[in-house]
Every structure is written in C-alpha cells, then in structure tokens.
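Each chain, written out:
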Amino acid sequence: MSSRVIAGGTSVSLPPYSTSDGSGSGAAAAQLEAAAAEQQQLSEKLRAARAEVSALSKTKTELTAQLATAADGSRLAAADADCRSAALEDEMAAARRSATAALASAREETAEARSAAERAEAGRAAVAMQL
C-alpha cells in the first residue's frame, strides 16, 4: 500500500495500481499527484478568498459604523436647526407683539394729541369770539 497526503492534511492509503502488464502504475501515480497538487492549489485559493471575505466584511462593518455616525450627526444638525428655527419664530412672534403694542400705543397717543389740539383750537376760537 502507498500512502499520500492531500490538501487539508488528509492522509489517503491507496493500493498500488497496476495493469496486467504493470505499465499503469506510473501514470496513475502521476494523475494522483496532479490531482493532489490541484486540490492543494484550490485549498489555498479558498483560504485566500475567505481572508478576502473577512477583510471585506470588516470594511463593510467599519463603513456601516461611519454611516451611522454620519446619520447621527445629520440628525443632530437637523434637530439643532429645528431648535434655532423655533427660537427665531418665538423671537419673531415676540417682536410682532411688541410692534403691535407700540403701534396701538402710538395710535392712542395720536388720538390724545388730536383731541388736545381740537380742545386748544376750540379754546382759541372761544377767546377770539370774546374779543
């Protein structure tokens, strides 16, 4: 029996191959060696592919984390903008109320001044009639 180690460290025991004239054992051994070498190459390619998948998975995880961080930053910025907008709206409403109160006060003062002017004019007219 001959023993061969193939990819992955597996040991395989094979009986010697021979034909009736004994010519086939060399060709079969060569084929077996070629198959073992090919399997070894494929195993190495598989390990390399798994390492690449692992690296890509890590990169994906990192990018997902960066995206989440950016989204959080964007939400915070939007919330800050909303707060600023609400504060500006409050300031504008207060300014409108103040302007409305000032306008009402100015109208009242104007009405009082007009009334005082009318009284003064009436007093002048009365003095002019007495003279």
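Residues numbered from 1 in each chain as written. Predicted model: local features only at pLDDT ≥ 70, side-chain atom pairs only at ≥ 80, totals over all residues. Heavy atoms only, no water.

**Quick look at the overall build of the protein chain**
Moving on, step 1. Counting secondary structure elements, the protein chain contains 1 helix and 2 strands.
Moving on, step 2. Beginning at the N terminus, the succession of helices and strands in the protein chain can be written as β-β-α.
Moving on, step 3. Per-residue burial for the protein chain yields a buried fraction of 3% across its 131 residues.
Moving on, step 4. For the protein chain, the computed accessible surface area is about 10700 Å², with 59% contributed by carbon and sulfur atoms. (Helix = DSSP H or I, 4+ residues; strand = E, 2+ residues; numbered from the N terminus. Buried < 20%, exposed > 50% of the residue type's maximum accessible area, 1.4 Å probe, protein only. Areas by Shrake-Rupley, 256 points an atom, 1.4 Å probe, with all protein chains shown as cover.)

**As for the pattern of salt bridges**
Moving on, step 1. For the structure shown, the criterion picks out 3 salt bridges.
Moving on, step 2. Across the salt bridge formed by D72 and R75, the nearest N and O atoms sit 2.2 Å from each other. Here R75 and D72 lie together in helix α1 (residues 24–130), a separation of 3 residues that amounts to about one turn.
Moving on, step 3. With a closest N to O distance of 3.3 Å, R84 and D80 form a salt bridge. Here R84 pairs with D80, and both are found in helix α1, just 4 residues apart, close to one helical turn. (Salt bridge = Lys/Arg side-chain N within 4 Å of Asp/Glu carboxyl O.)

Honestly, it's all geometry; don't read function into it.
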